[in-house]
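# Fold and contact review
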Amino acid sequence: MSLESPLSHARTQLQAERDAFTARSTAIETFISQVSRLSPDSSVSSSVEMRMPSKANPVAGPSGSEGCQTVRTAFAETLRPHSIADVDKSEPLLETIRIELSDEIALALAPTTETTFSSTLQQAILTKASQRLTEAEAMQQTLDQEASFLEQATETVDTVSAWLASAGETHIAMLSFPTLQNRHESLESYRTRCDELVRSRQSFLQDTTCQHSVATRQHDTFVSYLYEDLNVTYPVLATIARLDAICRAYQWAVRTHLTRRV
């Protein structure tokens, strides 16, 4: 296994996910802005503003409230493409609205109901959309943390690999005792660095993402999802473990030569 390969693939996968969530956040912000600018129907009494439709309710008309139609169009043009990016593109619009904004809002926005675009409905839509934005921002923070881990791992792999390549230019039997001692110490330092990175990584995986009590996700679950298409589920741990194994084997060889010369 190439030490760089898992991390390289992980970085590519991570960047794609970061781009997707950045676009999703922008889409939600646009949707919120468009809904905020709409004028609700002030003629609707507060008692019927958010009345939920049922099969027994009469149909208001072929397209329902004009305000609700505008919201459906805004949703379809902003958030929907990002919501269905990884699912069946034929998913009905109202089903996507239900998943993103709630059953109640999807029913209220349906063109075959009596619900009018009231201030209560507008606020309910904005509240749910804001929650989705908070979740997306929380995920972006987690993705930023993941990017930091990949950078640390890559830096460690590059540094240690370069040192090992340079050390391998001279056969170990040709090295002096002081040089062998220095190499043993260097290898111990690199292995400590690997161990610290692994501990930090494991701590991250056991943690959760929580933003204003809205978005909660176990990091271990997040990483499994993020790298599910790769050959390794945990590219950072797999790469660092492999690097430590190489250092351990070389350190053992150096130690063997040291003991022979005592």
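A short tour of the structure in this document, coming up. Everything quoted here is computed from the prediction, not taken from an experiment.

Scoring rules and cut-offs
Residues numbered from 1 in each chain as written. Predicted model: local features only at pLDDT ≥ 70, side-chain atom pairs only at ≥ 80, totals over all residues. Heavy atoms only, no water. Helix = DSSP H or I, 4+ residues; strand = E, 2+ residues; numbered from the N terminus. Contact = heavy atoms within 4.5 Å. Phe/Tyr/Trp six-rings, centres within 6.5 Å; stacked < 30°, edge-to-face > 60°. Buried < 20%, exposed > 50% of the residue type's maximum accessible area, 1.4 Å probe, protein only. Lys NZ or Arg CZ within 6 Å of the ring centre and 35° of its normal.

### Topic: the environment of Leu 258
- If you trace the backbone, Leu 258 turns up in helix α9 (residues 235-261).
- Each C-alpha atom of the pair Leu 258 and Gln 181 lies 7.5 Å from the other, and the pair is 77 residues apart in sequence.
- Not counting the four nearest positions on each side in its chain, Leu 258 is found in contact with Phe 177, Leu 180, Gln 181 and His 184.

### A few points about the environment of Ala 76
- Inspection of the secondary structure assignment puts Ala 76 in helix α2 (residues 66-77).
- Separated by 17 residues in sequence, Ala 76 and Leu 93 have C-alpha atoms that sit 7.0 Å apart.
- Here Ala 76 is in contact with Pro 81 and Leu 93, once residues within four sequence places are set aside.

### Considering the packing of aromatic side chains
- Enumeration over the complete set of coordinates arrives at four aromatic pairs.
- On the numbers, 5.5 Å between centres and 65 degrees between planes, the contact of Trp 163 with Tyr 190 is edge-to-face. Taken together, the positions of Trp 163 in helix α6 (residues 119-167) and Tyr 190 in helix α7 (residues 177-206) put the pair 27 residues apart, joining distant regions of the chain. Here Trp 163 and Tyr 190 have matching classes, each one buried.
- An aromatic cluster is defined as three or more aromatic residues linked by ring pairs; in this entry it consists of Trp 163, Tyr 190 and Tyr 250.
- Sitting above the plane of the Phe 149 ring, Arg 201 keeps its charged end 5.2 Å from the centroid.

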